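Here are the chains, one letter per residue:
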Amino acid sequence: MYRLGIDLGGTNIVAGLVNKDYKIVARASCKTNVPRPESEICDSMAEVAKKAVAKAGITMEDVESIGIGVPGAVNPKTGVIEYSANLFFHNWEVVKMMEERLGTKVIIENDANAAALGEYLAGSAKGAKNAVAITLGTGVGGGIIIDGKIYSGSNYAGAELGHMVIVKDGKECGCGRKGCWEAYASATGLINLTKQKILSGKLDYSYMLKQCDGDINKVNGKTAFDAAAAGDPDAQEVLDEYFGYLATGLVNIINIFQPDVLCIGGGISNQGENLLSPLRKIIEEERYTKHNDKQTKLCTCTLANDAGIIGAAFLD
């Protein structure tokens, strides 16, 4: 038997057929094209699901269950997407609509939680008992695995790790609160720090700006890393400040949960040891358990975008 995972994103819908060894054996995708009516998005999800199944040469009868990872507040018990800012929906009965289209059991979960489960089952957290996965993107996504199960709180809205405050009365976050970790540690936060450093100096001499062909709007999450690697001291100052913000949240997570593994995903995680090494140094100095024999392993996620598909496929 196979399971099917669907990653419902604001840009793309991706379906993957997953075998018992957590390998994606077939996939299909399409554009999400939001905003659209709920029924049309369900039609698109059903279409890519059927295409993935057909590519594998099987039928829907061979699919044990279907899981969908969705950004936003999701209630797996009722099968309702209560709110998703990226998809512009409120109280969407997606499970009911998808089961009508596919005739197979459907389960939904927050996409960051699904990705954390994927890393736990088949990625960098494989073999761990407790793990936390964070994703550094437009925001900071978080997923918590305790004793092999997704932890999502009493109302299924837990693990919003990006919305712990690390700077009182700090930068305003998209959630409306001030000083959230997301406002500082996301890829967006790094881009904003980079732009601020460029604008605060002599633009004619900015190595980071030259990397962007003189267009500050082309600054991305790699800009400061690339410039620092070339010896630019301004870029290194940007990174040092960013690492400090990122490590503050990581230490908080470690002190609270003491996971076996804490893995970092998102585009910035592609920096590998250029990211992890300075973070480990700060964490080793600041963690509460510095004298304990057993410590949390900090690493990057290994499954990239496949984590959400594999995790969604094995929801139960």
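Residues numbered from 1 in each chain as written. Predicted model: local features only at pLDDT ≥ 70, side-chain atom pairs only at ≥ 80, totals over all residues. Heavy atoms only, no water.

Draft legend 1. Highlighting the packing of aromatic side chains. Overall, the coordinates contain five aromatic pairs when judged by the stated rule. Each ring, one from Phe225 and one from Phe243, has its centre 6.1 Å from the other, and the planes form 55 degrees; the classification is tilted. A residue pair is termed long-range when its members are at least 10 positions apart, and Phe225 in helix H7 (residues 223-229) and Phe243 in helix H8 (residues 233-257) qualify at 18 residues. Between Tyr242 and Phe243, the aromatic rings sit 6.3 Å apart at their centres with planes inclined by 55 degrees, giving tilted as the arrangement. Look at Tyr242 and you get buried, because its relative accessible area is 0%. (Phe/Tyr/Trp six-rings, centres within 6.5 Å; stacked < 30°, edge-to-face > 60°. Helix = DSSP H or I, 4+ residues; strand = E, 2+ residues; numbered from the N terminus. Buried < 20%, exposed > 50% of the residue type's maximum accessible area, 1.4 Å probe, protein only.)

Draft legend 2. Structural detail: the nonpolar core. Counting residues in each nonpolar core, the largest one holds 48 residues, and the members touching the most others are Ile134, Trp181, Leu246, Leu250, Ile264 and Leu279. Take this core: its biggest share by element is twelve residues, from H8. In this structure, Ala52, Val74, Met97 and Leu102 belong to the second largest nonpolar core, which totals 34 residues. (Core = buried A, V, L, I, M, F, W, Y, C linked by side-chain atoms within 4.5 Å.)

Draft legend 3. Main features of the layout of surface pockets. Counted as a void, the second largest pocket has a volume near 340 Å³. Those elements giving two or more residues to the lining of the second largest pocket turn out to be strand E8 (106-110), helix H3 (111-122) and strand E11 (149-150). The residue inventory of the lining of the second largest pocket, partitioned by class, reads eleven nonpolar, two polar and four charged. (1 Å grid on protein atoms, 1.4 Å probe; cavity = no way out; pocket = protein on both sides within 12 Å on 5 of 7 lines; lining within 4 Å. Points joined across faces, edges and corners; volume = space filled by probe spheres on them. Nonpolar A, V, L, I, M, F, W, Y, C, P; charged D, E, K, R; others polar.)

Draft legend 4. Seen up close, helix H1 (residues 38-55). Here H1 contains 18 residues, and its C-alpha end-to-end distance of 26 Å stays within 8% of the 26 Å for a straight helix at 1.5 Å per residue. Within H1 the residues assigned to the buried category are Ile41, Cys42, Ser44, Met45, Ala46, Val48, Ala49, Ala52 and Val53. For H1, the secondary structure elements touched by its buried residues are strand E1 (2-8), strand E2 (12-18), strand E3 (24-31), strand E4 (63-70), strand E7 (89-92) and helix H2 (94-102). Gly57, located one to two residues past H1, shows a positive phi value of around 75 degrees. (Expected span 1.5 Å × (residues − 1). Contact = heavy atoms within 4.5 Å.)

Draft legend 5. Focus on unusual backbone geometry. Backbone torsion omega between Val34 and Pro35 reads 0 degrees, so that peptide bond is classified as cis. Among the structural elements, Pro35 can be located in the loop between E3 and H1. Residues other than glycine seldom take positive phi values, yet Asp213 does so here, at roughly 55 degrees. Following the sequence through the fold, Asp213 ends up in the loop between helix H6 (207-211) and H7. Taking the relative accessible area as the measure of exposure, Asp213 reaches 64% and is therefore exposed. Positive phi, close to 45 degrees, is recorded for Gln258, a residue that is not glycine.

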